[in-house]
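# Commentary on secondary and tertiary structure
What follows is the residue order along each chain.
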Amino acid sequence: MKTLPTGSVIGILGGGQLGRMTAMAAARLGYRCHIYCPESEAPALDVCAFHTQGDFDDEGKLAVFARSVDVVTLEWENVPLHALDVIAQYTPVHPGASVLKIAQDRGLEKSFARKVGIGTADFTLVNSSDELEEAIKNYHLPVLLKSTRMGYDGKGQVKIVTSAEARAAWVEMGSRHGIVEALVDFACEISVIVARREDGKTVAYPPVQNTHRNHILNETVAPAPLSRDILDQAVQTAIHMAEELGVIGLLAVELFVLKVPDKDGQIVLLNEIAPRPHNSGHWTIDACSCNQFEMLVRAVCGLPLGSARPHHRAVMHNIVGDESDRFAMWLADPSACLHLYGKKETRDGRKMGHVTFLKEVWRD
């Protein structure tokens, strides 16, 4: 495993807030970052050393970018796989195309989880409204219909309450490929972020509990106030998924905590994965000595992984839309750690920043 010396350049695919915070963490360790993204203005561009503006299908620009950096990572898992193939001819890409292929497709994601022994909600892949109508006959309604690709923050998801809604739901979902998922009787949603190096060494942050508003993460409680059995199973599940995928970098694993264990005794079921820093890990910036963004840098540069142990309990709140106008209130709160992303345009549902409230000192 190669260790990149300080002064090396990390390429980042995507210019959003995750790239911004990764670049800031990299700078602390003496690395410079080169952002590749289609936009001329983006949050990460304020804090990076280099920027290439280009589309992800521009093979020429991708090749020049790849030759200018020492390793490439990403802040957006829906980068076209062909772009990664082009870059990988010139420099290592972490995570690689094999990981993204699964993470980009809900059907592949859940099928892979089942294959490696990780539980999921019951699901059926459907490719037409006729297939959807036939599939939901095998479920207790309501069910969820989701697009297999490009769905996040509730996009591409429709709840079907009666069979008569199937055709309209197919149109509303807006994709040629969908997945029907049974609703899970869960107590709460949690997530675990795992870091993994090329040599297989892993560390995992404690599971956190998430609540959503309008399908967007609203608050994260860290660590999750759950039993040791649940927390241990969650961590084991996330590490197992990262190992089976062969992730180099970070893997965020979202899980449902069941009210009643399933027939195999599983307490948690996989919801979805993201092979990158995750919104539910932002609390680590202020409550851990090594936050998720620094952990990503360490993993892809071949450095020793840091400690994932928090020094404080914390609650992270997403700042969405015009909530950002209240920034002075949080600045006046001594328990609040405010992070704004520098986005110039405020829109409903747009993540403008986050604020982490430090609570009591963490003790195992």
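Definitions and limits used
- Residues numbered from 1 in each chain as written.
- Predicted model: local features only at pLDDT ≥ 70, side-chain atom pairs only at ≥ 80, totals over all residues.
- Heavy atoms only, no water.
- Helix = DSSP H or I, 4+ residues; strand = E, 2+ residues; numbered from the N terminus.
- Contact = heavy atoms within 4.5 Å.
- Pairing = 2+ DSSP bridges.
- Axes fitted to C-alpha atoms, helices over the stretch in contact; angles between N-to-C directions.
- Core = buried A, V, L, I, M, F, W, Y, C linked by side-chain atoms within 4.5 Å.
- Buried < 20%, exposed > 50% of the residue type's maximum accessible area, 1.4 Å probe, protein only.
- Disulfide = S-S within 2.5 Å.
- Arc of directions from axis to C-beta.

### Structural notes on the environment of Glu 272
Residue placement: Glu 272 occurs in strand β14 (residues 268–274). Between the alpha carbons of Glu 272 and Arg 363 there is a distance of 30 Å; along the sequence they are 91 residues apart. Not counting residues up to four positions away in its chain, the partners in contact with Glu 272 are Arg 106, Glu 109, Ala 252, Val 253 and Glu 254.

### Description of the sheet that holds strand β6 (residues 143–147)
What the four strands build is an open sheet, ordered β5-β8-β6-β7; its pairing is antiparallel. Lying at the two open borders of the sheet, with one neighbouring strand each, are β5 (123–126) and β7 (157–160). This sheet shows a mean twist of 25° between the axes of neighbouring strands, independent of strand direction. Summarising the sheet, β6 and β7 pair through four bridges and their orientation is antiparallel. Its bridge partner being in β7, Leu 145 is matched across the sheet by Val 158. Helix-sheet contacts for helix α5 (residues 106–115) involve β5, β6, β7 and β8 (178–182), and the interaxial angle to β8 is about 50°. Of the strands in this sheet, β5, β6, β7 and β8 are in contact with helix α7 (residues 166–173), which crosses β6 at around 35°.

### What about the nonpolar core?
Among the nonpolar cores identified, the biggest contains 39 residues, and Ile 10, Tyr 31, Ile 35, Trp 283, Met 295 and Cys 301 are the most heavily contacted of them. If you list the elements that add at least two residues to this core, you get β1 (9–13), α1 (17–28), β2 (32–37), β9 (186–196), β12 (216–222), β13 (249–258), α10 (292–301) and β15 (312–320). Of all the elements, α10 adds the most residues to this core, at six residues. Setting aside chain neighbours within four positions, we find Met 295 in contact with Ala 195, Val 203, Tyr 205, Leu 250, Cys 290, Leu 305, Gly 306, Ser 307 and Ala 308. Phe 112, Ala 224, Met 241 and Ile 273 belong to the second-largest nonpolar core, a separate cluster that totals 28 residues.

### Description of the state of the cysteines
What makes a disulfide is a covalent bond joining the sulfur atoms belonging to two cysteines. For the structure on display, the rule yields zero disulfides. The structure places no disulfide on Cys 188, whose sulfur is separated from the nearest cysteine sulfur, that of Cys 288, by 19 Å. With no disulfide of its own, Cys 337 lies closest to Cys 288 among cysteine sulfurs, the gap being 12 Å.

### Quick look at α7
When we look at burial in α7, the residues that qualify are Ala 166, Ala 169, Trp 170 and Met 173. The arc enclosing the buried residues of α7, seen along the axis, measures out at 105°, which places them on a common side. The exposed residues of α7 that point more than 90 degrees off its buried face are Ala 168, Val 171 and Glu 172. Where the residues of α7 are buried, they touch β5, α6 (129–135), β6, β7 and β8. Just downstream of α7 lies Gly 174, where phi reads positive at about 75°.

This is a description of form; function is not addressed.
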